Amino acid sequence: MDSPQEAMPWVGLYIALASLICTLAMAADAIQGFWQRKLWFPNRFFTLNATTITLIAIAMKLPVDQTTGTYEGTQIYTKQRSNEYTKVSSLIFLVTMLANLLPSLGSINDKDLLTNIVALGILVITIIVNTVIQTFTQVHLLSLNAIITSIFTLLCPFSIALTVSASRKKIEHRYKESQLLVSCHQEKRFSYKGLKRYVKTYWMMAETHNPQFVIACSTVSSAFGFVCPILVFTTIEMVVNMKQRWYGTSDYKWSLKIIFMVQTVGAVKYWIQSLQQWKHSHVHSRIPGRHCKVVFHYLKNAFLNVCITFHIVVLVICKTTCLVPRTLLIFLSYCWYFIKSYLERFRMVENESSDIEEYATMYVVQNEEDMNLSKRILGNTLYSITQRLDKFEKNGPKSLMKLLEKSAGFNGVIEFDNDQVPLLYQEETRNCWSLVVVTLTTIAMALPNIANSHFKELLSSMRKGFQIVRHIEESINVDGDSIKAIKAARRVWTEIEVYRTWLQIDLQKKARKGKTSKEILKGLGDEAAKIVIQLKSSKKPSIDHSPYKFILASSMYRISQTILLHCNEQEYWPNDEDLFEWISTIIADVLLASFTNLPCVIKMMCHHHAIEKRGDNNQNAAQLLGKSKKILKILKARQLPNIDPDSIAYIDKWHVLLKSQIPDGGHITADASSARIQRGSSSCNESVIVTIL
């Protein structure tokens, strides 16, 4: 490259790449909106932040480039017109990006919003100034009317930004009012229908109270929705006019066409409340003297009066602009009425229509008194929520249910740990649901003479069960020791699931050497005891996650010794398959005991302090509810122990219960234990009766 002009095509390619990234982000948001049957596009990928502003600045290099478009001579028509068209398409692309960014303003906190909106304002003002300069010089980029329209359109987002803070406070207040109505309806504990209604209600509230949704339904957004299609037609007209005249003598050469095509594809009291609050608020300043303060407040109020006037003008124009699309929508709605019978997907049944009426009057959070959301918007939102709930139901954990069917009570909560096992140290490690089931699974995986298909079934069941247990443990309030146990279980579970090892010990190594189940259990216990003693006696700093190894080894020692004691109490040592089945039954009992927390956890997941995260949390709650449908059915038919609500979340508090409180509990005799351990050899269709003395 002998001159900077030869590098211009690559600069143009850089501009096209930035435009492409913005276009793909907007397209991703649009696809998500369509996929969820929303009439607005939630901002998840294309949001207002430093990265987005930088990309917009790069994409807008052409409109601020004063060197392109001013040429001399008579053979420069193609070059000049191609540059002008591309600059106009860039401005249209900017308006499109600002329209797509509008909803994201509602999900940004006040501090970040101020920083980002100032940065965006500087960029937009720079583009406007450069455009005006080019228009009144040799380029003649836009007409005077187009300049005024462009300035007004580009400044509209700042009108919305000034109202975000007041908007969030108002919709949060109305959300809490609707929340009180929901709390009045108490459902049965393990009622799936009741929980489904609870999740749907909170999900609907979260969707309609979302600040992004409120901004998307605002007058300014509606005006943008009317302006953007007009700009698209304008761009198409430019494409038709240009035809084959791209390859002129422009400095950007071949990259100019790429830029044009990429950017073409991409292409009341509440409203014044924030400004009124600022106008009447007291500003703490260090300005000396009464007269100086008077001047300061006069200037402040004058500036805010200008902003308020600008707001009013924006609203009047936007509301007037919206009359055209609203009139068109009224006409289309009548047409829709006659053809909707042929569109089965969007047809609404009577009970769904009644649900819409109920949600609209009781639980839908509306931002403005005069802005009543249409039944179509509410219907789409409710339909989308119902569809996803039904989808989550269909994806239930079949392998997990097969494991849970082995449970007949909650005896496993007592049987996994025997008080007769001697303590290695006086200080006890804290158990948690995941640690116990992971340790039991480890022992089951180490047993000999078990078909590989049984191992795969157990791992598949545990994979689904462990996910649900994680949701439970993440939602309940736990202390520091319990958190360490939870983290230890998660660390070792990946090792067991992927490599079938426990603390780098091959679980099938001894089985391949012909060791018996008794020798394997004793070996696991001895290895665990060795790790515990070594870690407690070592004074060196931890370099290999020794706190987690200590917790895992302590759990393995106690549970393996408990199983050894249990088997030694039997008249005959159980065969390997029966022992595997017995351990699987204990895992099922412990899992079901932990699942008694599901109703409370699902309801807790519907509540979140941060407005922006409520929608995602409600979706996670709905997904967990769908997985739990059959589990709740099992629990509904089962008698629970007499345990207070604060203790039901902790396995240690279950374990210390008097055995008489466990429905199938009490003192388990050798005969009863033998009956439980022989369940694996019984037919799956036969019911096993266990006598508890």
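Everything below is about the structure printed above this text.
Because the structure is predicted, anything quoted here is derived from the model rather than measured.

(A) Layout of the overall build of the protein. Per the secondary structure count, the protein includes 29 helices and two strands. Relative to its 693 residues, the protein shows a buried fraction of 50%. Carbon together with sulfur atoms contributes 58% to the accessible area of the protein, which is approximately 35300 Å² in total.

(B) Seen up close, the packing of aromatic side chains. The full count for this structure, using the stated rule, is five aromatic pairs. Between Tyr198 and Tyr202, the ring centres sit 4.8 Å apart and the planes meet at 35 degrees, which makes this aromatic pair tilted. Here Tyr198 and its partner Tyr202 are both found in helix α8 (residues 192–209), four residues apart, which amounts to about one turn of the helix. We note that Tyr198, like Tyr202, is buried. Look at Phe455 and Phe580: their rings are 5.9 Å apart centre to centre, the planes differ by 75 degrees, and that puts the pair in the edge-to-face class. Taken together, the residues span a long stretch of sequence, with Phe455 in helix α19 (residues 452–475) and Phe580 in helix α24 (residues 576–595) at a distance of 125 residues. Neither Phe455 nor Phe580 differs from the other in exposure class; each is buried. Here a set of aromatic residues connected by ring pairs shows up, and it is made of Phe410, Trp433 and Trp654.

(C) Quick peek at a nonpolar patch on the surface. Residues Tyr14, Leu17, Leu20, Ile21 and Leu24 make up a contiguous nonpolar surface patch of roughly 480 Å² in combined accessible area. Tracing the backbone through its elements, the reader meets Leu17 in helix α1 (residues 8–35). In this structure Leu17 comes out as partly exposed when scored by relative accessible area, which is 47%.

(D) Up close: unusual backbone geometry. At Asn449, a position not held by glycine, the phi torsion is positive, near 60 degrees. Note that Asn449 resides in the loop between α18 (433–446) and α19. Positive phi, normally seen in glycine, also occurs at Gln504, with a value near 65 degrees. Within the fold, Gln504 resides in the loop between β1 (501–502) and β2 (505–506). In this structure Gln504 comes out as exposed when scored by relative accessible area, which is 75%.

(E) Here's a closer look at α24. The first and last C-alpha atoms of α24 sit 29 Å apart over 20 residues, in line with the 28 Å expected at 1.5 Å per residue. For α24, the buried fraction is high: 19 of the 20 residues fall into the buried class. Backbone nitrogen of Glu577 and a side-chain oxygen of the N-cap are separated by 3.2 Å at the start of α24; the cap is Asn575.

(F) Geometry of the environment of Trp654. Inspection of the secondary structure puts Trp654 in helix α28 (residues 651–655). Judged by relative accessible area, which is 0%, Trp654 ranks as buried. Sequence-wise, Trp654 and Ile414 are 240 residues apart; in three dimensions their C-alpha atoms are separated by 7.9 Å. For Trp654, the residues in contact, after removing those within four places along its chain, are Phe410, Val413, Trp433, Ala593, Thr596, Pro641, Ile643, Ser647 and Ile648.

(G) Region of interest: a positive patch on the surface. On the surface, a cluster of positive charge is contributed by Lys509, Lys510, Lys513 and Lys515. Mapped onto the elements, Lys510 comes out in helix α21 (residues 509–512).

(H) The arrangement of the packing of α8 against helix α26 (residues 611–627) in detail. At a minimum axis distance of 9 Å, the contact between α8 and α26 shows a crossing angle of 155 degrees. Viewed along their axes, α8 and α26 adopt a mutual orientation that is roughly antiparallel. α26 is crossed by α8, and the crossing has left-handed handedness. Mapping the contact onto sequence places Tyr192, Leu195, Lys196, Val199, Tyr202, Trp203, Ala206 and His209 in α8 and Ile611, Arg614, Gly615, Asn618, Gln619, Ala622 and Leu625 in α26.

(I) Up close: the packing of helix α20 (residues 480–499) against helix α23 (residues 546–568). Contact geometry for α20 and α23: axes closest at 9 Å, N-to-C directions at 85 degrees. By the angle class used here, α20 and α23 are roughly perpendicular. Every residue of α23 that contacts α20 at Lys484, Ala485, Lys487, Ala488, Ala489, Arg491 and Val492 is listed here: Tyr548, Ile551 and Leu552.

(J) Spatial organisation of the pattern of salt bridges. Taken as a whole, this structure holds twelve salt bridges when the rule is applied. Here Lys406 and Glu581 are joined by a salt bridge, their closest N and O atoms 3.3 Å apart. In this pair, Lys406 sits in the loop between α16 (398–404) and α17 (412–415) while Glu581 sits in helix α24, placing the two residues 175 residues apart along the sequence. Residue class for Lys406 comes out partly exposed when judged on its relative accessible area of 22%. A salt bridge links Glu497 to Arg463, with the nearest nitrogen and oxygen atoms 2.3 Å apart. Of this pair, Glu497 sits in helix α20 while Arg463 sits in helix α19; the two residues are 34 residues apart in sequence, bridging distant segments of the chain.

What counts and how
- Residues numbered from 1 in each chain as written.
- Predicted model: local features only at pLDDT ≥ 70, side-chain atom pairs only at ≥ 80, totals over all residues.
- Heavy atoms only, no water.
- Helix = DSSP H or I, 4+ residues; strand = E, 2+ residues; numbered from the N terminus.
- Buried < 20%, exposed > 50% of the residue type's maximum accessible area, 1.4 Å probe, protein only.
- Areas by Shrake-Rupley, 256 points an atom, 1.4 Å probe, with all protein chains shown as cover.
- Phe/Tyr/Trp six-rings, centres within 6.5 Å; stacked < 30°, edge-to-face > 60°.
- Patch = residues over 30% accessible without salt bridge, like charges linked within 9 Å, V, L, I, M, F, W, Y side chains within 5 Å.
- Salt bridge = Lys/Arg side-chain N within 4 Å of Asp/Glu carboxyl O.
- Expected span 1.5 Å × (residues − 1).
- Polar contact = N/O pair within 3.5 Å; in protein donor to acceptor, adjacent residues only side chain to side chain.
- Contact = heavy atoms within 4.5 Å.
- Lys, Arg positive; Asp, Glu negative; His and termini not counted.
- Charge placed at Lys NZ, Arg CZ, Asp CG, Glu CD.
- Axes fitted to C-alpha atoms, helices over the stretch in contact; angles between N-to-C directions.
- Parallel < 35°, antiparallel > 145°, perpendicular 65-115°, else oblique.
- Left-handed = near helix turned anticlockwise from the far one by under 90°.

By themselves, these figures tell us nothing about what the structure is for.
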